[in-house]
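In case you want the letters, here they are:
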Amino acid sequence: MRIQLDLFRSGEGRLEGTVRAPGGGGCPFTGVLDLLRVLEAIDLPALDDDPAATRDRGNDDG
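Since we're looking at a predicted model, the values are computed, not measured.

### Overview of the overall build of the protein chain
No. 1: For the protein chain, the count of helices and strands is 3 helices and 3 strands.
No. 2: Ordered by position from N to C terminus, the α and β elements of the protein chain give β-β-β-α-α-α.
No. 3: The buried share of the protein chain, reckoned over its 62 residues, is 23%.
No. 4: When contacts within the protein chain are restricted to residue pairs at least 6 apart in sequence, those whose partners lie at least 24 apart make up 14%.
No. 5: Surface accessibility of the protein chain: about 4700 Å² in total, with carbon and sulfur atoms responsible for 50%.

Structure below.
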């Protein structure tokens, strides 16, 4: 699976941006905790069934 993150720091130094997952629109976040909530909400089992998602996986056999 490939997830795209657009990150920047606000004037106050807060981490902000947008998370883009395959098959979904952009989901904005403000702060690290909010980013973790957005990532947790991504439906991984549905994405694992996508042949395009498996093509991008590396070999973890070492």
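On we go from here.
### Describing the pairing of strand β1 (residues 4-9)
No. 1: Alignment of β1 against strand β2 (residues 15-20), held across 6 bridges, turns out to be antiparallel. Within the sheet, the bridge partner assigned to Leu5 lies in β2 and is Val19.
No. 2: With antiparallel pairing between neighbouring strands as the criterion, β1 and β2 make up a hairpin whose turn holds 5 residues, including Gly13 at a positive phi of roughly 90 degrees.

### Notes on the nonpolar core
No. 1: Residues Leu15, Val19, Ala21, Phe29, Leu35, Val38 and Ile42 constitute the largest nonpolar core, which totals 7 residues.
No. 2: Within the residue set of this core, elements represented by two or more residues are β2 and α1 (32-41).

### Side note on the sheet that holds β2
No. 1: As summarised here, the arrangement of the 3 strands in space is β1-β2-β3, forming an open sheet in which the pairing is antiparallel. Each edge of the sheet is formed by a strand with only one pairing partner; in this case those strands are β1 and β3 (26-30). Shown here is a sheet whose adjacent strand axes are inclined to one another by a mean of 15 degrees, direction ignored.
No. 2: With respect to the sheet, α1 is in contact with β1, β2 and β3, its orientation differing from that of β3 by roughly 150 degrees.

Definitions and limits used
- Residues numbered from 1 in each chain as written.
- Predicted model: local features only at pLDDT ≥ 70, side-chain atom pairs only at ≥ 80, totals over all residues.
- Heavy atoms only, no water.
- Helix = DSSP H or I, 4+ residues; strand = E, 2+ residues; numbered from the N terminus.
- Buried < 20%, exposed > 50% of the residue type's maximum accessible area, 1.4 Å probe, protein only.
- Contact = heavy atoms within 4.5 Å.
- Areas by Shrake-Rupley, 256 points an atom, 1.4 Å probe, with all protein chains shown as cover.
- Pairing = 2+ DSSP bridges.
- Core = buried A, V, L, I, M, F, W, Y, C linked by side-chain atoms within 4.5 Å.
- Axes fitted to C-alpha atoms, helices over the stretch in contact; angles between N-to-C directions.

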